[in-house]
Amino acid sequence: MAPIRCLIVDDEALARELLRSLVDATPGFAVAGECRNGREAVDALRERPPDVVFLDVQMPELSGFEVVEAVGVERMPVTVFVTAYDQYALRAFEAQALDYLLKPFDEDRLARALQRVAAEVRRPRGGEVAPRLLALLEELERREQYADRLVLKEDGRASFLRVSDIDWIEAAGKYAQVYAGGKRHPVRESITALEGRLDPRRFVRVNRSAIVHLDRVREVQGWFHGDFVLMLEDGTQITSSRGYRERLQELLGKRL
């Protein structure tokens, strides 16, 4: 049986070298080529399509997702994304991609990915891969509609705060206070305006005066009259209320 031909696409030489050595050491697989950027990947995928492509997501000029769009979802081979994305985006990969490798990955993790690849390549193609890739692109496009950083104006200077660094947000009259890494930053926006700019799958309003970054929630404790207390990683305790219970319960995936 002919080996499964793999195309490796990554702008980092060390990452390509690691993938190449691990793939070459796996029986039944062979490296069919390497690409250093998205433009090279588009040419390779159009001219000599492999059985599977290991596709880095974050590359200059053309990202991994832009490569998929340029080649066309219907013409993409079995695709394994290589990514350093956060946990929210990984939920999209888990739902729609055949597999993903989160940097840094090891030999055991790649071995599991190759097992899935082999099963996918050798079974009759029923058209499932293209819809999964299309759904993934649509999901991530929706994600990009939300802010990835906030502008902070303090002492006459403007600075930027990455949304991923936010722990929680507190209403302060007409404006808000943003807490991140143990520091408090005033923001000249209302908490309601900020709520509309933040990804609702990562940030949830837990009462009229607080928005919490779900990745910072360490524990949820029951409280009186249907309320509950959220314990954050930095030790902050925030009391939620019944009016926000359903949405928080849905996002945390557990009964409160």
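Our subject is the structure listed above.
Quick look at the structure, then. Computed from a prediction, not measured in an experiment: that's the story for all the values here. (Residues numbered from 1 in each chain as written. Predicted model: local features only at pLDDT ≥ 70, side-chain atom pairs only at ≥ 80, totals over all residues. Heavy atoms only, no water.)

## A closer look at the pairing of strand β11 (residues 203-207)
It is a general feature of regular strands that their side chains alternate between the two faces of the sheet.
Part 1: Extensive coverage of β11 is indicated by the burial of five of its five residues.
Part 2: Note: β11 against strand β12 (residues 210-213), four bridges, orientation antiparallel. Bridge pairing links N207 to A210 in β12.
Part 3: Linking β11 to β12, which pair antiparallel, is a turn of two residues. (Buried < 20%, exposed > 50% of the residue type's maximum accessible area, 1.4 Å probe, protein only. Helix = DSSP H or I, 4+ residues; strand = E, 2+ residues; numbered from the N terminus. Pairing = 2+ DSSP bridges.)

## Overview of the packing of helix α2 (residues 38-47) against helix α3 (residues 64-71)
Part 1: Orientation of α2 relative to α3, taken along the N-to-C sense of each, is 35°, at an axis distance of 9 Å. For the element pair α2 and α3, the recorded crossing hand is right-handed. Within the contact between the two elements, α2 uses G38, A41, V42, L45 and R46 and α3 uses V67, A70 and V71.
Part 2: Looking at the contact of α2 with α3, its residues break down into six nonpolar, one polar and one charged. (Axes fitted to C-alpha atoms, helices over the stretch in contact; angles between N-to-C directions. Left-handed = near helix turned anticlockwise from the far one by under 90°. Contact = heavy atoms within 4.5 Å. Nonpolar A, V, L, I, M, F, W, Y, C, P; charged D, E, K, R; others polar.)

## What about the sheet that holds strand β15 (residues 237-240)?
Part 1: Strand order in the open sheet made by the three strands is β13-β14-β15, with antiparallel pairing throughout. Two strands close off the open sheet at either side, each with one partner strand: β13 (217-222) and β15. For this sheet the average axis-to-axis angle between neighbouring strands, irrespective of direction, equals 25°.
Part 2: Bridging between strand β14 (residues 228-232) and β15 involves four bridges; their strand directions are antiparallel. Looking at the pairing, M231 lines up with Q237 of β15.

## Let's talk about the environment of Y100
Part 1: Relative to the helices and strands, Y100 is located in strand β5 (residues 99-102).
Part 2: Assessed through its relative accessible area of 14%, Y100 is described here as buried.
Part 3: The sequence separation of Y100 and D56 amounts to 44 residues, and the corresponding C-alpha distance is 9.6 Å.

## Considerations on the pattern of salt bridges
Part 1: Under the defined criterion, the tally for this structure stands at nine salt bridges.
Part 2: When the shortest N-O distance is used, the salt bridge between E34 and R16 registers 3.5 Å. Of this pair, E34 sits in strand β2 (residues 29-35) while R16 sits in helix α1 (residues 13-24), placing them 18 residues apart in sequence.
Part 3: With its nearest N and O atoms 2.7 Å apart, the salt bridge here joins D167 to R216. With D167 in the loop between β7 (157-162) and β8 (168-172) and R216 in the loop between β12 and β13, the pair connects residues that are 49 residues apart, well separated along the chain.
Part 4: Classification of R216 as buried rests on a relative accessible area of 18%.
Part 5: A single salt-bridge network, built from bridges that share partners, covers R16, R20 and E34. (Salt bridge = Lys/Arg side-chain N within 4 Å of Asp/Glu carboxyl O.)

## Observations concerning the environment of L22
Part 1: Its location among the elements puts L22 in helix α1.
Part 2: The exposure class assigned to L22 is buried, which follows from its relative accessible area of 14%.
Part 3: Residues L22 and D106, 84 residues apart in the sequence, show an inter-C-alpha distance of 9.3 Å.
Part 4: Those residues in contact with L22 that sit more than four places away from it in its chain are F105, E107 and L110.

## Thoughts on the nonpolar core
Part 1: Grouped together as the largest cluster of nonpolar side chains are 20 residues, with contacts concentrated most on V9, L55 and V67.
Part 2: Ignoring any residue separated from it by four or fewer positions in sequence, one finds L55 in contact with V9, G64, V67, V68, M76, T79, V80, F81 and V82.
Part 3: Among the nonpolar cores identified, the runner-up in size contains 19 residues, and I4, L22, V82 and L114 belong to it. (Core = buried A, V, L, I, M, F, W, Y, C linked by side-chain atoms within 4.5 Å.)

## With respect to the environment of A70
Part 1: Positionally, A70 belongs in helix α3.
Part 2: Each C-alpha atom of the pair A70 and D43 lies 9.8 Å from the other, and the pair is 27 residues apart in sequence.
Part 3: The residues contacting A70, other than those within four sequence positions of it, are V42, R46 and R75.

On their own, these measurements won't tell you what the molecule is for.
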